Amino acid sequence: MTLTTFALVRHGQTDWNAQRRLQGSTDIPLNDVGRGQARDAVDVLSGYEWDAIVSSPLSRAAETADLIAAGLGVSVARRVPELAERSFGPAEGLQDGPELDALRIPGGFRGAESEEAAASRGLASLEALAEEFRGRRVLVVAHGTLIRVSLSRAIGRTLQSIDNAVLNLAHHHAVDGWQLEYFNGERVVAAVQS
């Protein structure tokens, strides 16, 4: 059985994360806490040999990937546009409150990319990487919502929010599908396969 192993890592913290603002596709850079989180992630990720590192092109994910790659002594293979965060449209930049509530609709926000569309885009990108790097180890640095909805669809159950710069480890097999081994840095007790 040929497994392709993925580390799916959310970027480090940004000022908007700290302020609990929706970021979505708005290109907000890492803050100093986020840079430290990226460097700290190297300790866990150095326990594996990575054949490739790819990231979203948004600067917070790209810089996180660059910091991790430097710590591991490897380089980032490329930026993958399909790994960009879900667009939240006019809700981006807002915090919880009346202004954000006015934009809410079932499943998200008016003018936003749907969760279904983000999950389809993210999972298709991961499956293309699984085909390209079959039987190897790929470190992907992307975004919380994109990772959550893509993994949820892949394993057939709803996952909670993704923490900044922690290990989510999943395995892909062309026939047997996806299996989640670590979620938010914790081993999954009963790994689910679909």
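Residues numbered from 1 in each chain as written. Predicted model: local features only at pLDDT ≥ 70, side-chain atom pairs only at ≥ 80, totals over all residues. Heavy atoms only, no water.

A. Just the pattern of salt bridges, in detail. Here the structure, examined in full by the defined rule, presents 12 salt bridges. Taking the shortest distance from any N to any O, the salt bridge between Arg-153 and Glu-116 comes out at 2.4 Å. Of this pair, Arg-153 sits in helix H6 (residues 144-155) while Glu-116 sits in helix H5 (residues 115-132), and the two are 37 residues apart along the sequence. For the salt bridge of Arg-134 with Glu-131, the shortest nitrogen-to-oxygen distance reads 2.4 Å. We classify Arg-134 as partly exposed; its relative accessible area is 42%. Ionic contacts of the salt-bridge type, sharing partners, join the residues Asp-32, Arg-35 and Glu-63 into one network. (Salt bridge = Lys/Arg side-chain N within 4 Å of Asp/Glu carboxyl O. Helix = DSSP H or I, 4+ residues; strand = E, 2+ residues; numbered from the N terminus. Buried < 20%, exposed > 50% of the residue type's maximum accessible area, 1.4 Å probe, protein only.)

B. Inspection of the packing of aromatic side chains at higher detail. Applying the stated rule across the entire model yields 3 aromatic pairs. On the numbers, 5.3 Å between centres and 40 degrees between planes, the contact of Phe-6 with Trp-178 is tilted. With Phe-6 in strand E1 (residues 4-10) and Trp-178 in strand E8 (residues 177-183), the pair connects residues that are 172 residues apart, well separated along the chain. Accessibility expressed as a relative area gives 0% for Phe-6, which makes it buried. Owing to a relative accessible area of 3%, Trp-178 belongs among the buried residues under this scheme. Considering the side-chain rings of Phe-88 and Phe-109, the 6.0 Å spacing of their centres and the 80 degrees angle between planes classify their relative orientation as edge-to-face. Taken as a pair, Phe-88 in the loop between strand E3 (78-79) and helix H4 (98-101) and Phe-109 in strand E5 (residues 108-109) lie far apart in primary sequence, 21 residues in all. Note on accessibility: Phe-88 and Phe-109 belong to one class, buried. (Phe/Tyr/Trp six-rings, centres within 6.5 Å; stacked < 30°, edge-to-face > 60°.)

C. Structural detail: the nonpolar core. Core analysis: the biggest nonpolar cluster contains 29 residues, and Phe-6, Val-140, Trp-178 and Leu-180 have the highest contact counts within it. Taken together, the elements giving at least two residues each to this core come down to E1, strand E2 (52-55), H5, strand E6 (137-142), H6 and E8. Once residues within four sequence positions are removed from consideration, Val-140 is found in contact with Phe-6, Ala-7, Leu-8, Val-9, Val-54, Leu-83, Leu-126 and Leu-129. Residues Ala-41, Ala-65, Ala-165 and Leu-169 belong to the second largest nonpolar core, which totals 18 residues. (Core = buried A, V, L, I, M, F, W, Y, C linked by side-chain atoms within 4.5 Å. Contact = heavy atoms within 4.5 Å.)

D. Expanded view of the sheet that holds E2. Reading across the sheet, the 7 strands line up as E3-E2-E6-E1-E7-E8-E9 and stay open at both edges, with mixed pairing between neighbours. Lying at the two open borders of the sheet, with one neighbouring strand each, are E3 and strand E9 (186-187). As paired elements, E2 and E6 share 4 bridges and run parallel to each other. Along E6, the bridge assignment pairs Ile-53 with Leu-139. Across the sheet, helix H3 (residues 59-72) is in contact with E1, E2, E3 and E6; its angle to E6 comes to roughly 140 degrees. Its contacts with the sheet put H6 on E1, E6, strand E7 (169-173) and E8, and the angle it makes with E1 is roughly 145 degrees. (Pairing = 2+ DSSP bridges. Axes fitted to C-alpha atoms, helices over the stretch in contact; angles between N-to-C directions.)

Spatial relationships are all this shows, so hold off on functional conclusions.
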